[in-house]
Amino acid sequence: MGSLLPPTMFAGLVAALFVGFPVAFSLAAVAAVFGAIGVATGQFSPAFLEAMAFRIQGVFNSDNLLAIPLLVFMGMLMERTGIAEDMFIALNRLFGRTPGGLAYTTILVGAVLSAITGFVSASVIAMGLIALPVMLRTGYDPRLATGVVAAAGTLAQVIPPSLVLIVLAEQLEVSLQDIYRGAMLPSLLLIGSYLLYIFLGHRRHPHRAPPSVVPPGEAHSTRKLWREAAVAAGVPLGVVLAVLAAIYLGVATPTEGGAVGVTGTLLFGLVRGKLTARNLRQAMDTTGILVSSIIFLLLGASFFTLVFRGLNGQIWIESLFAGVPAGPLAFVLFVNAAVFVLAFFLEFFEIAFIVLPLVAPVARQIGRAHV
């Protein structure tokens, strides 16, 4: 009976998610049900649940997680004040007259916006509303236009100070500075790959990414265009780089870096006259909703993981990896394939809170064995 509880518990969670119940409450409910079954069958000790109080305390005392509200607030402020739209307009005037220029602009603005918001959905929606109509009116191939917007949005997963990286650092119990350092090169390679794809694509199929036609009344000198682009894109990018530099160099904690970013964004919005009481309230409301959902997800996942381990679920997980060829490479490929399939049904935060706590111990064991 005991050996069947962990896989049954995991299957019950999958069934609850497919039915459509909220993920956070599904995690807590499944954990409560199987915890009760474990106690009734003698497979789970009620004293094991005492650790949940320490887990809750750890969530609210984590320096990494304390940075999430500030970074989300910074992103929502920049979105509400129209900074992303200003960046796109300025860069479009600069690059739009070249073949594929709008696509290049979308990737660059998407990269900056992704670093600011940290959410794929927020970045995709923003770029979809700002860039997609302009590309379609210019005559871009709809497949290329939508693909560029979707690709730009995925950059929110990997470009620091992404919320995804903060969650990874917390779940894997590693330094956030190390996570940021490790993400810098993949971020640059990903952006470069997207830009290279657009370049090669419009060289081979020029009709798919034609240059935009600038009306005669909107023509500006190159120097003025560069100056407008530097102001519109340079200041938001400077805020992000200041936050990253403070955290990366160890000058400030993630929380302090987020506070610097929020302060810079507020000042920039005030100077440009785009920070109104309505925008500020909308940004605060959205931040509260997003952060609350993350907190509930984390608490539900902590409860699920606690009960799962109390039922010796880690032994079942290790048995699943027993059939995988030995070595870190095979483990990484297997986990990536599993996450790829799960991503069809779950968002990253659900995957991070459910899957990572289960596979992280196995990853550490494999890592120690191959040091």
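In this report, we go over the structure that sits alongside the text. Each chain carries its own residue numbering, running from 1 in the direction its sequence is written. Given that this is a predicted model, residues contribute local features only at a pLDDT of at least 70 and side-chain atom pairs are listed and counted only at 80 or more, while totals for whole chains, interfaces and linings are drawn from all residues. The basis for every side-chain value is the complete set of heavy atoms in the structure, and neither hydrogens nor water enter the calculation.

**Looking at the overall build of the chain**
So, step 1. Secondary structure elements are taken from DSSP: a helix is a run of H or I of four residues or more, a strand is a run of E of two residues or more, and numbering for both begins at the N terminus. Along its length, the chain carries 18 helices and zero strands.
So, step 2. Buried residues in the chain amount to 46% of all 371 residues.
So, step 3. Pairs of residues are marked as contacts when any of their non-hydrogen atoms sit within 4.5 Å. A separation threshold of at least 6 residues defines the contact pool for the chain, and within that pool the share at least 24 residues apart is 79%.
So, step 4. Using a 1.4 Å probe, the Shrake-Rupley method yields the accessible areas, and only the shown protein chains count as cover for residues. By element, 69% of the accessible surface of the chain is carried by carbon and sulfur atoms, the whole surface being about 18100 Å². In this scheme, a residue with accessible area under 20% of its type's maximum is buried, one over 50% is exposed, and one in between is partly exposed, where area comes from a 1.4 Å probe on protein chains only.

**Focus: the nonpolar core**
So, step 1. Grouped together as the largest cluster of nonpolar side chains are 101 residues, with contacts concentrated most on Met9, Ile68 and Tyr180.
So, step 2. Per-element accounting of this core gives the leading share, twelve residues, to helix 14 (residues 277-310).
So, step 3. Contacts of isoleucine 68, omitting those with residues within four sequence positions, involve Leu163, Ile166, Val167, Val291 and Ile294. We define the nonpolar core as a collection of buried residues of types Ala, Val, Leu, Ile, Met, Phe, Trp, Tyr and Cys that are connected through side-chain atoms lying within 4.5 Å of one another.

**Things to note about the pattern of salt bridges**
So, step 1. What counts as a salt bridge is simple: a side-chain nitrogen of Lys or Arg found within 4 Å of a carboxyl oxygen of Asp or Glu. Going through the model one piece at a time under the given rule, you end up with three salt bridges.
So, step 2. One salt bridge connects arginine 208 with aspartate 141, and the closest N-O pair in it is separated by 3.6 Å. Of this pair, arginine 208 sits in the loop between helix 11 (176-204) and helix 12 (222-248) while aspartate 141 sits in the loop between helix 8 (132-138) and helix 9 (142-154); the two residues are 67 residues apart in sequence, bridging distant segments of the chain.
So, step 3. The exposure class assigned to aspartate 141 is buried, which follows from its relative accessible area of 15%.

**Observations concerning helix 1 (residues 5-19)**
So, step 1. With 15 residues, helix 1 should reach 21 Å at 1.5 Å per residue; the first-to-last C-alpha distance of 21 Å fits that figure.
So, step 2. Taken together, the buried positions of helix 1 are occupied by Leu5, Pro6, Met9, Leu13, Ala16 and Leu17. Each buried residue of helix 1 sits inside an arc of 115° when the element is viewed along its axis, so together they form one side. The exposed set on the far side of helix 1, more than 90 degrees from its buried face, consists of Phe18 and Val19.
So, step 3. Positive backbone phi, at 115°, marks glycine 20, one or two positions downstream of helix 1. Each residue after the first adds 1.5 Å to the expected span of a helix. Taken from the helix axis, the directions to the C-beta atoms give the arc we talk about.

**Here's the deal with the side chain of asparagine 279**
So, step 1. Inspection of the secondary structure assignment puts asparagine 279 in helix 14.
So, step 2. Setting aside chain neighbours within four positions, we find asparagine 279 in contact with Arg80 and Lys274.

**What about the packing of aromatic side chains?**
So, step 1. Pairing of aromatic rings covers Phe, Tyr and the six-membered ring of Trp, with a centre-to-centre limit of 6.5 Å; geometry is then stacked below 30 degrees between planes, edge-to-face above 60, and tilted otherwise. Per the counting criterion, the structure on display carries two aromatic pairs.
So, step 2. When the ring of phenylalanine 25 is compared with that of phenylalanine 296, the centres are 6.0 Å apart and the planes differ by 45°; the resulting orientation is tilted. Taken together, the residues span a long stretch of sequence, with phenylalanine 25 in helix 2 (residues 23-41) and phenylalanine 296 in helix 14 at a distance of 271 residues.
So, step 3. Measuring from ring centre to ring centre gives 5.9 Å for phenylalanine 304 and phenylalanine 308, while their planes differ by 15°; the resulting arrangement is stacked. Remark: phenylalanine 308 and phenylalanine 304 occur in helix 14; sequence separation between them is four residues, near one turn of the helix.
So, step 4. Among the residues examined, phenylalanine 308 registers a relative accessible area of 1% and is labelled buried.

**Notes on the environment of alanine 24**
So, step 1. Positionally, alanine 24 belongs in helix 2.
So, step 2. For alanine 24, a relative accessible area of 12% puts it in the buried group.
So, step 3. Once the C-alpha coordinates of alanine 24 and glutamate 350 are considered, the two residues, 326 residues apart in sequence, prove to be 8.4 Å apart.
So, step 4. If we skip the residues at most four places from it in the chain, alanine 24 touches Phe296, Leu297 and Gly300.

**Re helix 13 (residues 254-271)**
So, step 1. Helix length check: helix 13 (18 residues) gives 26 Å between terminal C-alpha atoms against 26 Å at 1.5 Å per residue, within 8%.
So, step 2. Of all the positions in helix 13, only Pro254, Gly257, Gly258, Gly261, Val262, Thr265, Phe268 and Gly269 are classed as buried. The buried residues of helix 13 occupy one face: seen down the axis, they fall within an arc of 140°. Across from the buried face of helix 13, at angles greater than 90 degrees, the exposed residues are Leu267, Leu270 and Val271.
So, step 3. Positioned one or two residues after helix 13, glycine 273 has a phi angle of 75°, which is positive.

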